[in-house]
Protein chains: 2
Amino acid sequence: MGRFDDDTRVEARPDTTFAGEVVDGWDIAGNANGGYLLAVAARAMATAVERPDPVTISAHYLAPGRPGPVVIDPQVVKVGKRFTTASATMTGSDGRPVLAALGTFGSLEADDGGATLVDAAPPDLPPTEQCRPRSGGTLPPGGFMQRVELRIHPDDVGFSFGAPTGTMRIRGWFRFVDDEPVDTTGLLLVVDAFPPTVFNSGLAIGWVPTVELTAHVRARPAPGWLRCAFTTRFVTGGFLEEDGEVWDATDRLVAQSRQLALVPRPPTPGN
Amino acid sequence: MGRFDDDTRVEARPDTTFAGEVVDGWDIAGNANGGYLLAVAARAMATAVERPDPVTISAHYLAPGRPGPVVIDPQVVKVGKRFTTASATMTGSDGRPVLAALGTFGSLEADDGGATLVDAAPPDLPPTEQCRPRSGGTLPPGGFMQRVELRIHPDDVGFSFGAPTGTMRIRGWFRFVDDEPVDTTGLLLVVDAFPPTVFNSGLAIGWVPTVELTAHVRARPAPGWLRCAFTTRFVTGGFLEEDGEVWDATDRLVAQSRQLALVPRPPTPGN
């Protein structure tokens with residue numbers, strides 16, 4: 001299929017756990033992207049429950065993901081007519097948990113013929129060639145940005161050259177660099193692929209550790225670039241939320257996300 | 001403390017599970033309110049992890065909650081410096097799972113002194129006495145509405161007398177009928193206490209089964225009425241999301257929520 005598909009592969013082991021690998025190259029400054037980690041876990045869970053689509057899935061992040069082998073242990077909680085719910089923990093080779101997940105899986109076939117009401121529109125983005133590749137002084141070299149192609153709305157890109165916009169919003173186009181089709185597991189990566197919206201706030205830029213990420217996968221994406229929009233409205237008490245939307249080339253919402261993260265703090269001398 | 005506190009009590013058992021009870025009277029037409037069920041589970045989880053506040057918690061709903069004894073089995077996944085993450089299943093007396101939960105618990109003490117940025121305001125509500133109690137033809141008698149006091153914005157109350165507003169939004173005031181203070185566990189009930197926003201869409205009114213509910217508890221609420229706002233933007237493919245915000249009497253956001261639910265369908269003759 002493609003690089004993402006290869007690098008999220010898991011293998012069933014005789015004891016009902018799955019062997020996977022956090023492949024080097026999906027990291028930002030050494031820490032694997034959280035959406036990538038969740039995608040690896042979700043593939044093991046989807047295989048265990050025998051349903052293809054993570055309709056709703058939450059991950060709680062417990063430790064940074066480092067390259068190397070991981071074990072995922074899906075536990076089926078309930079098998080229903082339309083959905084199966086499972087929990088899982090991903091454990092690194094040091095025996096420490098990297099993330100815990102809880103998801104309900106189903107099959108998002110073509111439209112069910114029921115009511116459609118949408119009080120929203122895809123983000124209004126200039127064509128990809130007028131948007132900005134993710135780059136600049138705040139971007140660590142290598143890793144994740146060699147795997148995905150982000151084209152950020154010119155109005156939202158200020159953070160990357162030291163001129164945060166003051167609006168905690170980042171909109172842009174997404175595709176894999178090899179143009180691999182994005183399936184519903186891939187959407188779990190997409191919702192965590194953009195720079196943190198808080199980078200446009202004027203607060204210090206630094207690591208924004210995700211505590212928890214929930215994604216609702218609403219449909220299987222059509223081929224082509226995805227349009228994404230991320231916003232933050234509340235930076236309070238040391239926490240912030242980041243809400244995401246992903247739309248496909250047919251103007252259909254394919255995923256919604258919300259994460260709770262810790263507000264970045266500037267490095268403290270001596271720490 | 002009060003009725004809610006009494007009715008969410010759990011008791012540790014020797015085998016690390018907890019005994020609880022789905023108390024009669026927290027139901028809508030026989031099914032216990034989903035937020036109430038999550039609150040019972042969260043109390044067991046908070047006790048097990050020895051941290052008071054469910055900073056972020058997700059529940060996946062597996063079967064309707066009926067009155068009677070339940071067992072909750074918190075499993076600690078990781079103990080960290082600030083947070084502890086645990087999963088849990090709530091099982092009914094018939095041995096079937098009612099819900100699965102995954103939560104990260106901490107202690108939301110007074111403000112951490114960090115940055116505060118808020119790009120939002122509490123919902124603009126007329127005084128409680130100018131809002132409408134939850135009542136009317138679509139409301140089953142008894143149960144949940146005897147326990148909580150909802151005062152709905154006059155502009156959002158159309159659904160209750162057969163005149164849906166066409167805007168999938170419901171705003172209103174919340175308190176317990178005995179004016180019991182709402183703690184961070186109580187907020188898990190508040191985020192699921194209002195009528196479904198989709199009732200104002202013009203689609204059939206019926207049961208709106210929650211697949212999954214995630215709540216971020218951002219602060220401990222001050223005493224007094226809470227102001228709440230719920231909105232839905234996407235009814236697609238048989239699913240809808242409902243986003244919630246809860247603000248306290250000091251104009252502080254205390255909780256955010258999002259749930260994924262199934263679109264109600266009108267009763268089919270012969271079904």
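Just so you know, these numbers come straight off a predicted model, no measurement behind them. (Residues numbered from 1 in each chain as written. Chains lettered and ligands numbered in written order. Predicted model: local features only at pLDDT ≥ 70, side-chain atom pairs only at ≥ 80, totals over all residues. Heavy atoms only, no water.)

It is not clear to me how the pairing of strand β6 (residues 68-72) of chain B should be interpreted in this structure. Could you clarify?
Walk down a regular strand and you will see the side chains alternate between the two sheet faces. Residue and element names in this part refer to chain B. Relative to β6, strand β2 (residues 18-22) runs antiparallel, the two sharing five bridges. When the sheet's bridge partners are listed, G20 is paired in β6 with V70. Here β6 runs beside strand β8 (residues 84-92); their pairing, made up of three bridges, is antiparallel. Among the inter-strand pairings, I72 is bridged to a residue of β8, identified as M90. (Pairing = 2+ DSSP bridges. Helix = DSSP H or I, 4+ residues; strand = E, 2+ residues; numbered from the N terminus.)

I would appreciate a short explanation of the pattern of salt bridges in the present structure.
Close approach of charged atoms allows side chains with opposite charge to pair. As enumerated under the stated definition, the model contains 28 salt bridges over all chains in all. Across the pair R171 of chain B and D156 of chain B runs a salt bridge, and its minimum N-O distance is 2.7 Å. A residue pair is termed long-range when its members are at least 10 positions apart, and R171 of chain B in strand β13 (residues 169-176) and D156 of chain B in the loop between β12 (148-152) and β13 qualify at 15 residues. Each member of the pair R171 of chain B and D156 of chain B is classed as buried. One salt bridge in this structure joins D251 of chain B and R227 of chain B, with 2.7 Å as the shortest N-O distance. Of this pair, D251 of chain B sits in the loop between β17 (239-247) and β18 (253-262) while R227 of chain B sits in strand β15 (residues 226-231); the two residues are 24 residues apart in sequence, bridging distant segments of the chain. Relative accessible area serves as the criterion here: at 47%, D251 of chain B is assigned to the partly exposed category. Given the relative accessible area of 13%, R227 of chain B is considered buried. Here the salt bridges do not stand alone but share partners, grouping D5, D6, R9 and R43 of chain A into one network. (Salt bridge = Lys/Arg side-chain N within 4 Å of Asp/Glu carboxyl O. Buried < 20%, exposed > 50% of the residue type's maximum accessible area, 1.4 Å probe, protein only.)

Hey, could you run me through the relation of the copies chain A and chain B in this one?
Between the two copies of this chain, the relationship is a rotation about some axis together with a displacement along it. Screw-axis analysis of chain A against chain B gives a translation of 0.0 Å along the axis, an RMSD of 0.0 Å, and a rotation angle of 180°. Such a combination of turn and shift is consistent with a two-fold rotation axis. (Least-squares fit on C-alpha atoms with pLDDT ≥ 70 in both.)

Is there a simple way to explain the packing of aromatic side chains in this structure?
How two aromatic rings sit relative to each other is set out by the distance from centre to centre and by the angle between their planes. If you walk through the whole model with that rule in mind, you get 22 aromatic pairs over all chains. Taken together, a centroid distance of 6.3 Å and an interplanar angle of 85° make the contact between W26 of chain A and F176 of chain A edge-to-face. Of this pair, W26 of chain A sits in the loop between β2 (18-22) and β3 (27-28) while F176 of chain A sits in strand β13 (residues 169-176), placing them 150 residues apart in sequence. Ring geometry for W173 of chain B and W225 of chain B: centres 6.3 Å apart, planes at 75°, overall edge-to-face. Of this pair, W173 of chain B sits in strand β13 while W225 of chain B sits in the loop between β14 (210-217) and β15, placing them 52 residues apart in sequence. The same class applies to W173 of chain B and to W225 of chain B, which are both buried. An aromatic cluster of three or more residues is present, and its members are F4, W26, Y36, F144, F174 and F176 of chain A. Seen from the ring of W26 of chain B, R147 of chain B lies directly overhead, with NZ or CZ sitting 5.8 Å from the centre. (Phe/Tyr/Trp six-rings, centres within 6.5 Å; stacked < 30°, edge-to-face > 60°. Lys NZ or Arg CZ within 6 Å of the ring centre and 35° of its normal.)

Explain helix α2 (residues 34-49) of chain A to me, please; I cannot follow it from the model alone.
Think of an α-helix as turning once every 3.6 residues; residues three or four places apart then point the same way. Residue and element names in this part refer to chain A. An ideal rise of 1.5 Å per residue puts 22 Å on 16 residues; α2 measures up with 22 Å between its terminal C-alpha atoms. Judged by how many residues are buried, α2 sits mostly within the fold: 13 of 16 residues are covered. Regarding α2, its N-cap is N33, as a side-chain oxygen of that residue lies 2.9 Å from the backbone nitrogen of G35 further along. A positive phi of about 60° marks E50, the residue just after α2. (Expected span 1.5 Å × (residues − 1). Polar contact = N/O pair within 3.5 Å; in protein donor to acceptor, adjacent residues only side chain to side chain.)

For this particular structure, what's the right way to read the interface of chain A and chain B?
Interfaces are often sized by the accessible area lost when the parts come together. Taken together, the contact pairs 54 residues of chain A with 54 residues of chain B. Around 4,900 Å² of area is buried between chain A and chain B when both sides are counted, 60% of it from carbon and sulfur atoms. Here chain A is connected to chain B by four salt bridges. Examining the composition of the side of chain A that touches chain B, we find that seven residues originate from one element, strand β18 (residues 253-262) of chain A, more than from any other. Across the side of chain A that touches chain B, the residue classes tally to 24 nonpolar, 17 polar and 13 charged. In the sheet, strand β10 (residues 117-118) of chain A pairs with strand β16 (residues 234-236) of chain B via two bridges, with the strands oriented antiparallel. (Contact = heavy atoms within 4.5 Å. Buried area = accessible area lost by both parts, 1.4 Å probe. Nonpolar A, V, L, I, M, F, W, Y, C, P; charged D, E, K, R; others polar.)

Geometric values such as these leave the question of function open.
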